[in-house]
Amino acid sequence: MVKIGVQQPPAGLKPEKEKKSGGDGAPGAVLLPPGAEEPAPVVQGRRSSLSGVCYLTMGLLVLLLGLVFASMYVYRYFFITQLPRESVFHCGVLYEDSLYSPFKGQLELHEDVKIYIEENYEQINVPVPQFGGSDPADIIHDFQRGLTAYHDITLDKCYVIELNTTIVMPPRNLWELLVNVKKGTYLPQTYIIQEEMIATEHVSDMEQLGSFIYRLCSGKETYRLKRRSARRRISRRDTGNCHHIRHFENTFVVETVICKKP
């Protein structure tokens, strides 16, 4: 028999595999020299900063929207709700008429004004004037439809024309004007201008005029009006077939002259 023995390596020597695996016995470990650590992830830091900016922007937008809605709430429930108590005015104005009444001095005109800001229209009632020469009337300025309707109470007829925004103040502006002069009985002394119109075709479909004018003119003869070209102010002798309505919805008095079609 042959006896085979295996010689053990010396104590100071290690197998080849152990040398390759590292001194700590961890297989496949790679040792790096000092100062050769991996760099920090820069891209991840940039992403985090961009996310912070986005969150900040969204927060500012939410805050801004909150301020807008809060302002709308305060305006609607603490300001608009108080308007109905002050949207009805009994007004008077002093003015001079150098053509029709040159020797009477100041004339006096009264009217009742109802302003509907949310509905965007104005309703004016002109009673029988003290000086004469003008008809009592109910007037509606509908800013939604862009129409003005005159109900001549003396004739019991309605006349409709396009709204003249250069003469008629919008409801909000007129309301502010009347509130500012509410402490006094009269508006400051002012002047009078004249606009002349001619009645044209008869209006048969009243619903096309809108609900506000429909309520005013329903059951009455209603005609369209057309403005005459600008010319000198006409005298009383030239207006035998005309009717006059004096009113104001601005800082001056307007005399609307409605004439029959020749």
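Since the model is a prediction, treat every value here as computed from it, not as a measurement.

A. Spatial organisation of the overall build of the chain. Scanning the chain from N- to C-terminus turns up four helices and eleven strands. Going through the 262 residues of the chain one by one, you find that 35% of them count as buried. Contacts in the chain between residues at least 24 apart in sequence constitute 60% of all its contacts with a sequence separation of at least 6. Roughly 17500 Å² of accessible area belongs to the chain as shown, and the carbon and sulfur atoms make up 58% of that amount.

B. The environment of Lys 114, seen in detail. In this structure, Lys 114 sits in strand β2 (residues 106–116). Residues Lys 114 and Phe 89, 25 residues apart in the sequence, show an inter-C-alpha distance of 6.5 Å. Those residues in contact with Lys 114 that lie beyond four places of it in its chain are Ser 87, Val 88, Tyr 121, Glu 122 and Gln 123.

C. Fine view of the pairing of β2. Residues Leu 107, Leu 109, Glu 111, Val 113 and Ile 115 point to one face of β2 and are all buried, whereas Gln 106, Glu 108, His 110, Asp 112, Lys 114 and Tyr 116, pointing to the other face, are not buried. Bridge analysis of strand β1 (residues 88–96) against β2 gives nine bridges, and the strand direction is antiparallel. Paired with His 90 across the strands is Asp 112, a residue of β2. Pairing of β2 with strand β3 (residues 121–126) involves five bridges; the strand directions are antiparallel. Bridged to Asp 112 within β3 is Asn 125. Connecting the antiparallel pair β2 and β3 is a turn made up of four residues, with Asn 120 showing a positive phi of about 65°.

D. Inspection of empty space enclosed by the protein at higher detail. Taken as a whole and judged by the stated rule, the model has two cavities of 30 Å³ or more. Approximately 50 Å³ is the volume attributed to the largest cavity. Considering the residues around the largest cavity, the lining is formed by 13 residues, among which His 141, Tyr 150, Asn 164, Val 168 and Glu 195 are closest to the centre. Looking at the lining of the largest cavity residue by residue, the classes come out as five nonpolar, four polar and four charged. Approximately 30 Å³ is the volume found for the second largest cavity. Every residue along the wall of the second largest cavity is listed here: Asp 152, Leu 155, Tyr 159, His 243, Ile 245 and Ile 258. Across the lining of the second largest cavity, the residue classes break down as four nonpolar, one polar and one charged.

E. Region of interest: the state of the cysteines. Under the criterion given, the structure shown has two disulfides. In this model Cys 158 forms its disulfide with Cys 217; the gap between the sulfur atoms is 2.2 Å. Judged by the sign of its S-S torsion, about -90°, the cystine formed by Cys 158 and Cys 217 is left-handed. Highlighted residues: Cys 158 in strand β6 (residues 157–162) and Cys 217 in helix α4 (residues 211–217), separated in sequence by 59 residues. Here Cys 158 and Cys 217 have matching classes, each one buried. There is a disulfide in this structure between Cys 242 and Cys 259, and the S-S distance comes to 1.9 Å.

F. Summary view of the side chain of Asp 152. Turning to its location among the elements, Asp 152 is positioned in strand β5 (residues 147–152). Despite being buried, Asp 152 has no salt bridge partner; Lys 157 is the closest side chain of opposite charge, sitting 9.2 Å away. Excluding residues that lie within four positions of it along the chain, Asp 152 makes contacts with Asp 135, Pro 136, Lys 157, Tyr 159, His 243 and Ile 245.

Thresholds, definitions, all that
- Residues numbered from 1 in each chain as written.
- Predicted model: local features only at pLDDT ≥ 70, side-chain atom pairs only at ≥ 80, totals over all residues.
- Heavy atoms only, no water.
- Helix = DSSP H or I, 4+ residues; strand = E, 2+ residues; numbered from the N terminus.
- Buried < 20%, exposed > 50% of the residue type's maximum accessible area, 1.4 Å probe, protein only.
- Contact = heavy atoms within 4.5 Å.
- Areas by Shrake-Rupley, 256 points an atom, 1.4 Å probe, with all protein chains shown as cover.
- Pairing = 2+ DSSP bridges.
- 1 Å grid on protein atoms, 1.4 Å probe; cavity = no way out; pocket = protein on both sides within 12 Å on 5 of 7 lines; lining within 4 Å.
- Points joined across faces, edges and corners; volume = space filled by probe spheres on them.
- Nonpolar A, V, L, I, M, F, W, Y, C, P; charged D, E, K, R; others polar.
- Disulfide = S-S within 2.5 Å.
- Lys, Arg positive; Asp, Glu negative; His and termini not counted.
- Salt bridge = Lys/Arg side-chain N within 4 Å of Asp/Glu carboxyl O.

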